[in-house]
Amino acid sequence: METGCGAYVTCRRRQGDRKWVMSVVSLEHNHKCNPEDVKLYKCFEPVCSSGKKQRQIDLNDGGSIAKKKAKTAVQNDGVGCEGRRLRIGKGDVEALLKFFAKMNGENAGFYWQAEFDEGNYLKNVFWADGMSRAAYKEFGDVVSFDTTYLLDKYDMPLVAFVGVNHHGQTILLGCGLVSSEDTETFVWLFTEWLMCMSGKSPKAIITDQAKAIQNAIEIVFPQTRHRWCLWNVMKKLPDEFGKHDRCLDITSDMKAAVYDTQSSDEFEQLWHWMLVEYGLQDNQWLKDLFEERSRWVPCFLKDTFWAGMSTQRNEGSNMFFDGYMNARSSIKQFAEQYEVVLRKKVEKEKLADDTSSQKTIPLVTTYPMEKQIQKRYTNSKFKEFQVELLAMLYCNFTKIEKTPTHMIYNIQEDLYIEDFRKKMTFYVTYNAEECDVHCTCQNFTFDGIQCRHALSVLCHNGVRKLPDNYILRWWQKDVIRAHTRVKVGFSCWTNDDATKRYHDLCTKFAELAALAANDETLYRDIVNWLDCKKKELQQTVIEAK
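The written sequence of each chain sets the order in which its residues are numbered from 1. pLDDT decides what is reported in this predicted model: residues at 70 or higher carry local features, side-chain atom pairs at 80 or more are listed and counted, and totals for whole chains, interfaces and linings draw on all residues regardless. Side-chain measures here rest on the full set of heavy atoms in the structure, leaving out hydrogens and waters.

### Re the packing of helix α11 (residues 264–277) against helix α12 (residues 284–291)
Here comes step 1: With axes taken as lines fitted to C-alpha atoms, and helix axes fitted only over the stretch in contact, angles between N-to-C directions fall between 0 and 180 degrees. Numbering goes from the N terminus for both helices and strands, where a helix is a DSSP run of H or I of at least four residues and a strand is a run of E of at least two. Relative to each other, α11 and α12 sit at 170°, their axes nearing to 12 Å. When the axes of α11 and α12 are compared, the pair comes out roughly antiparallel. Of the residues in α12, those touching α11 at F267, E268, W271, H272 and L275 are L286, L289 and F290.
Here comes step 2: In this classification, Asp, Glu, Lys and Arg are treated as charged, Ala, Val, Leu, Ile, Met, Phe, Trp, Tyr, Cys and Pro as nonpolar, and every other residue, Gly included, as polar. For the contact of α11 with α12, the class distribution of residues is six nonpolar, one polar and one charged. Should an angle fall under 35 degrees it is called roughly parallel, over 145 degrees roughly antiparallel, and 65 to 115 degrees roughly perpendicular, with every other angle called oblique. Every residue pair with non-hydrogen atoms within 4.5 Å of one another is taken to be in contact.

In C-alpha cells form, the structure reads like this:
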C-alpha cells in the first residue's frame, strides 16, 4: 500500500477438503481503519459487487422458489448439503421483506440477517426484536433452543431461542427460518444470534438430541453448558421397550435411576443393576444414552443454574404460537401473526408485574424469612418458595455430625405420591459463621429456589432471614429492567412517561457518543463522567429503598 502498512493475511488450501484457510493474520496497521471505507477501494470492487448481487431477490419468483425447493433432512453426521433452500411458497418472500421493513421502522434495535445459496435463493433467515435483545441481557444466562415443535405440528421450519423472565414466563429471544438441520446451518444461525446479542454466549442451553446442534454448540458456544431436553429422552421409553414383557418395571426403574439419584455414583450403580436385571446390556439405545449421561441425567446437571427450565419442550416455541397457527398456516400468515403473539406476551408480563406490585400473597407461616421473600420476589416465585417452606413438615432430622468448620445434617423426607409413600435421604452442610448452607438435592443451584431441606436447617439454627446470596435478582419484582423501556410497535409500555424519558435519554446519549467517539480525550472524559453519575444514581436508589 502507499502508506507502507505492514498488515497482511496469508491463506493456504487444505489438502483434505480443498478449502481455503487463513494461516497467518497480522493486523498491525500504521493508519486509521474504517471497515465502512473498504467498498471505496478499487481492489475490493469485485467483492462488493458480488456481495451486493448475493442480496438480490426476485420478488416475483415465489412460485419458482416453491417448485425448486430441496427436501429437508436431518444430518446426524453434521455434514452440510449443497443446494438447500428455504421451503417457502408464493408471496412468502414479499411478506418477509415487508415484515422486516415494518419491524425496522417501528422497533428500536430490530436485527435481521439472511443467507442465500449460489443461485440467490433464500436459505436461512434470523431475526430478533429490540425487546428480545434487551431481555437477553437480563435473562440470557439460560436459553432453550427449540427446533421440533412447529416442524412436527405445522411443517414450518421455524426455530426459536427462548428463555424465562422473573415470573417464570417464557420469553422470546430470537427466531429463525432454516432450510435444513445440519451443522453448517446451525453454525450460521448461532453465529448470527451471538452477534445480535453483542457476543455474549449463554451459560447454559437446552436442546433436543440432534448431533448437528451439538456440533454447532461446540463450535460457536464452546464454554456453554449443553443439556438435552429430558422430556424428549423419556418419551421414547414406550417405543424402545413397549414390546418387552417387563416394560412397566423397566420404565419404573429407569425413572428411579434418572429422577431419584443424587450423585453420579448412585446413578451409575442403579443403571448397571437395571441393565443386568432386565438383560439390556446389549441395548444400543441405552448404551448411547449412558455415554452422554452428563447431558441429560439431572444429578450430572444440578451444579448449573437452569432457571426452572426443567424441560426444553415445556419452554419451546409451542408456548408462543399455539392458538395463532394451524396446519395450513404459511410463512406469510406467520409473519402477520408474529406481532400479535408478542403483544400478548408483553401484556401478560405487564399484568404479572402489576399483580406482583399490587397484590400480596398471604403468609402461611410466622417465619420472618417468608415475609422477607414476600416483599422481594414476584408472586409466582414467592408461591414456589412457600411450597418449599411448607414442605419442611415432611423433613425429619435423623443424624447430626459436627466438624471444626460446619455441621452435617442427615434429613429424611417423606414423599407421598397418591397412596404411595417413599422416603428419601438428603445431606445438608451448614456453616454457622458464614450462614452458608448446601444440600445434596441442589435445588437452589438448579432452579434458584432454596430447598425445604436447607430451609429446615436454617430455621433449626435460628436463622430469621434468608442470606442475600440466596435471593436471586432474577426473581425479584423491584428491579427496573431495560427491556420494559425498549420502543417496539407491539408493546403496551410505549406510552408511559418513563419510557418516553428513556428514549429521550438514549437519543441524547447517541448524540453525545457521536461527538466524542473521534477524540480519545473527549471519550475518556465522557466515560469517567458517566461512571461517576452511575455510582451517584445507584447510591440514590439504594437510599430510597
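### Here's the deal with the nonpolar core
Here comes step 1: Judged by nonpolar contacts, the single largest core of 73 residues is most densely connected at F126, F145, F161, F190, L458 and L466.
Here comes step 2: Here this core takes seven residues from helix α6 (residues 183–196), the largest share from any one element.
Here comes step 3: With sequence-adjacent residues up to four places away left out, F161 is seen in contact with F126, V143, S144, F145, I171, L172, L173, G174, L189, F190 and W193.
Here comes step 4: Within the second largest apolar cluster, 25 residues are counted, among which are M234, V258, F267 and C299. Nonpolar cores were defined as sets of buried Ala, Val, Leu, Ile, Met, Phe, Trp, Tyr and Cys residues, with membership established by side-chain atoms within 4.5 Å. Residue burial is assigned from relative accessible area. The probe radius is 1.4 Å, only protein chains are included, and a residue is buried under 20% of its type maximum, exposed over 50%, and partly exposed in between.

### Focus on the pattern of salt bridges
Here comes step 1: The term salt bridge refers to a pairing of a side-chain nitrogen on Lys or Arg with a carboxyl oxygen on Asp or Glu at a separation within 4 Å. Under the defined criterion, the tally for this structure stands at 21 salt bridges.
Here comes step 2: The closest approach of N and O atoms between K200 and D141, which form a salt bridge, is 3.8 Å. Within this pair, whereas K200 is found in the loop between α6 and β8 (204–207), its partner D141 is found in the loop between α4 (130–139) and β5 (142–146), the two being separated by 59 residues in sequence.
Here comes step 3: With a relative accessible area of 31%, K200 lands in the partly exposed category.
Here comes step 4: Note that R295 and E292 form a salt bridge whose closest N and O atoms lie 2.8 Å from each other.
Here comes step 5: The exposure class of E292 is partly exposed, given its relative accessible area of 21%.

### Details of the sheet that holds strand β3 (residues 111–116)
Here comes step 1: The rule for pairing is simple: two strands pair if DSSP sees at least two bridges between them. A sheet is described by the order of its strands in space; here seven strands give the open sequence β3-β4-β7-β6-β5-β8-β9, paired in mixed fashion. Either end of the sheet is taken by a strand with one partner, and the two such strands are β3 and β9 (225–228). Between one strand and the next, the sheet's axes are offset by a mean angle of 20°, whatever the strand orientation.
Here comes step 2: Its contacts with the sheet put α4 on β3, β4 (122–128), β5, β6 (158–164) and β7 (170–177), and the angle it makes with β7 is roughly 125°.

### What about a positive patch on the surface?
Here comes step 1: On the surface, a cluster of positive charge is contributed by K371, K375, R464 and K465.
Here comes step 2: Looking at where K375 falls in the secondary structure, it is placed in helix α16 (residues 368–376).
Here comes step 3: Accessibility expressed as a relative area gives 54% for K375, which makes it exposed. The patches described consist of residues with a relative accessible area above 30% and no salt bridge, like charges being joined within 9 Å and nonpolar side chains (Val, Leu, Ile, Met, Phe, Trp, Tyr) within 5 Å. Values of accessible area rely on a 1.4 Å probe in the Shrake-Rupley scheme; residue burial ignores everything except the protein chains shown. The charged-residue count follows a simple rule in which Lys and Arg add positive charge and Asp and Glu add negative charge, with His and chain termini not counted at all. The location of each charge is read from NZ of Lys, CZ of Arg, CG of Asp or CD of Glu.

### Points about unusual backbone geometry
Here comes step 1: One non-glycine residue, S198, adopts positive backbone phi at about 60°.
Here comes step 2: With relative accessibility at 62%, the residue S198 sits in the exposed group.
Here comes step 3: In the Ramachandran plot, C435 falls in the positive-phi region, its phi being about 50° despite a non-glycine side chain.
Here comes step 4: By the element assignment, C435 lies in the loop between β12 (420–431) and β13 (436–439).
Here comes step 5: Classification of C435 as buried rests on a relative accessible area of 18%.

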